[in-house]
Amino acid sequence: MESRALQAAIRFGLGPRPDHPLPDDPLPWLDAQISAEDQPPPPPKGMDQPQSLADSLRLWQRFIDAGPLPPGQPNVLQQYAVAEGAACLGWRIDTPAPYRERLVDFWSNHFTVSRRAGPVYALVGNYIREAIRPHVTGRFADMLLAVEKHPAMLVYLDQARSTGPNSRSGQRGRRGLNENLAREILELHTLSPAAGYTQQDVTEFARLMTGWTFQRDKEPLGTLFNPSAHEPGEKQVFGRRFAEGAAAYEEALLYLADHPATHRHLAVKLARHFVADVPPPATVARIEGVLRDTRGDLGAVARLLPRLDEAWAPPLSKLRAPQDYITAAYRACGAEGQAVGRVAWGAGYVLNQPLWNAPQPNGWPDTADGWLGPEPVMQRLDWAFETAGRFARLDPKDVLQTTLGPLAGRETRDAVRRAGSTREGLALLFASAEFQRR
C-alpha cells in the first residue's frame, strides 16, 4: 500500500478503514470530498431528533416548562445531547468522506460552544448542522455570520442578555452590557490579539451588538433583533465606524471576516492543525495568501492544504487528540459507527475530551503539549487494552497493515507479531508511538 495514500487518510482524514479502499492518488480523493455535498450524521436511533432550530428551541422550552425533575429521572436535554453526540461520533467512524469531517471538527473547535452552558445541550446539534457543516468549504464570512447569530453562540457567551446602558431596556435597569461574545469574536474568531485591538474596541463592539438575541417561548422562534435593548448612537470598532441599528452587526462581521489580521490568524491555526505544532512561517504565508486572494474561500484553502509539501514530511508528526485517537481506533477495526457511537461518547470522558464540552471558549488544544503527561498517557494505554478486547477476533497484523502499513517501525511490527494474544497485539498497536500520531 502506498504510504502517501495512508498518510492522506491519517493526516487529512480520521484514519483508514479496512472496508474503505484507499486511492492510488490521494489528491483527487481529497478534492472530491471538498466538492461533494455535505452529508450530516443520520438521526439517532430510537429517539426523535430536532431537525430545525425551532425544534431545538421547543425542546429547551419544554424542559423549562416541565420544572424540577424527581430524583433519578433523566434530563431530556442530556438524553438528547447523548443521542445526538453518539450519532455524530458514529458518523465520524463510518464516514466515507473523512477529510470533510476533519474540517467540520476543526471549525467546530474554532467556533467552540460548550455543553457547560446548560442550554447549549438543546442547541449544539443544530448549531453544528446549520452554522458549521454547510460552510466548511464555502466562504469564511458566511460561516462567521451563521455562527455569531446562532442561539447556541448567543447563549453560550451571554450575548442574548446584553443590553445597551442607554437603550430603552437599559434605562429601566434590568440588564447591562455584556462583552463576552464581542471579546471572543475579536480574540478567537477573527483578528486575534496580534492585531492590536484595544479594550475600547471590545466595548464598542459589545455596544454595537446589543439587541441581538433569540426567542424560545413564543413565535417567531430563533434569532432576532430587539431594538429596545440596542445601544443608540454610532460606534467605532478597530478603525471602522458603524451606524446605529440592526445592520451594523452583520456589517461589522463582514469587515472582520475579510481583515488581513483575520486571514493571518486563521492561517496560523490551519497550519498548526494540518502541518505542525509550530508551523513554518512560509506555510502560514501561503495559506494566508490564499485566504487573502480568494477573500476567505475555505474550499480553496482545503485544496491547498494537501498540496503543501510540509504537510507530508515528516509523517506522523502531530499527536492525535483523544477524539481523533478514539475515532482512528474504531475505524482501524472496521467498527460500525452507529453501533459503537455511545461507547465512543463515553470514551471521550475517559480520555478527557468529552464531545462538545470544551472547558473554555478557545476550544480544545491543538498541540501535543495540551494532551501529554504521565496520567493521560496511562489513560490511553488502559483504554487501548480495554478497546482491544472488543475486537479480539481480528488479526492484529492485518489491522496494523491497514492502519499504518509502511509507516510502522520495526519495533512496533515485532511487538505486534510477538504478542501473546490477539488482544495484546491490538493493544500494543493502539498504544504504539506511530498510532498515537497523525
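Notes on the structure in this doc start here. Here the structure is a predicted model, which means the values were calculated and not measured.

Moving on: the overall build of the protein. Within the protein, the regular secondary structure consists of 21 helices and four strands. Computed over the C-alpha atoms, the radius of gyration of the protein is 23 Å, within 12% of the 22 Å expected from 2.2 N^0.38 for a compact globule of 438 residues. Taking the principal axes of the C-alpha coordinates as reference, the protein spans close to 75 × 60 × 40 Å. In the protein, buried positions account for 56% of the 438 residues. Across the protein, contacts joining residues at least 24 apart in sequence account for 73% of those joining residues at least 6 apart. Total accessible area on the protein is roughly 18100 Å²; 52% of this is exposed by carbon and sulfur atoms. Both charge centroids of the protein, one from 50 positive and one from 50 negative side chains, sit 2 Å from each other.

Turning next to the environment of Ala 152. Looking at the element boundaries, Ala 152 is found in helix α8 (residues 151-156). By relative accessible area, Ala 152 is classed as buried at 0%. Among residues more than four places away in sequence, those in contact with Ala 152 are Val 113, Val 120, Leu 123 and Tyr 127.

Our next topic: the pairing of strand β1 (residues 212-215). Burial along β1 is two-sided: Trp 212 and Phe 214 facing one way and Thr 213 and Gln 215 facing the other are all buried. Both β1 and strand β2 (residues 222-225) contribute to a ladder of four bridges, which runs antiparallel. Paired with Trp 212 across the bridge in β2 is Phe 225. Linkage of β1 to β2, two consecutive antiparallel strands, is achieved through a turn of six residues.

With that settled, consider the layout of surface pockets. Of the pockets and cavities examined, the largest pocket occupies roughly 890 Å³. If you tally residues by element for the lining of the largest pocket, the top one is helix α5 (residues 98-110), at eight residues. Across the lining of the largest pocket, the residue classes tally to 21 nonpolar, 12 polar and 12 charged. Taken together, 23 residues line the second largest pocket, and the ones lying closest to its centre are Ala 160, Arg 161, Arg 175, Thr 213 and Phe 214.

Rules used in this analysis
- Residues numbered from 1 in each chain as written.
- Predicted model: local features only at pLDDT ≥ 70, side-chain atom pairs only at ≥ 80, totals over all residues.
- Heavy atoms only, no water.
- Helix = DSSP H or I, 4+ residues; strand = E, 2+ residues; numbered from the N terminus.
- Rg over C-alpha atoms; globule rule 2.2 N^0.38 Å.
- Buried < 20%, exposed > 50% of the residue type's maximum accessible area, 1.4 Å probe, protein only.
- Contact = heavy atoms within 4.5 Å.
- Areas by Shrake-Rupley, 256 points an atom, 1.4 Å probe, with all protein chains shown as cover.
- Lys, Arg positive; Asp, Glu negative; His and termini not counted.
- Charge placed at Lys NZ, Arg CZ, Asp CG, Glu CD.
- Pairing = 2+ DSSP bridges.
- 1 Å grid on protein atoms, 1.4 Å probe; cavity = no way out; pocket = protein on both sides within 12 Å on 5 of 7 lines; lining within 4 Å.
- Points joined across faces, edges and corners; volume = space filled by probe spheres on them.
- Nonpolar A, V, L, I, M, F, W, Y, C, P; charged D, E, K, R; others polar.

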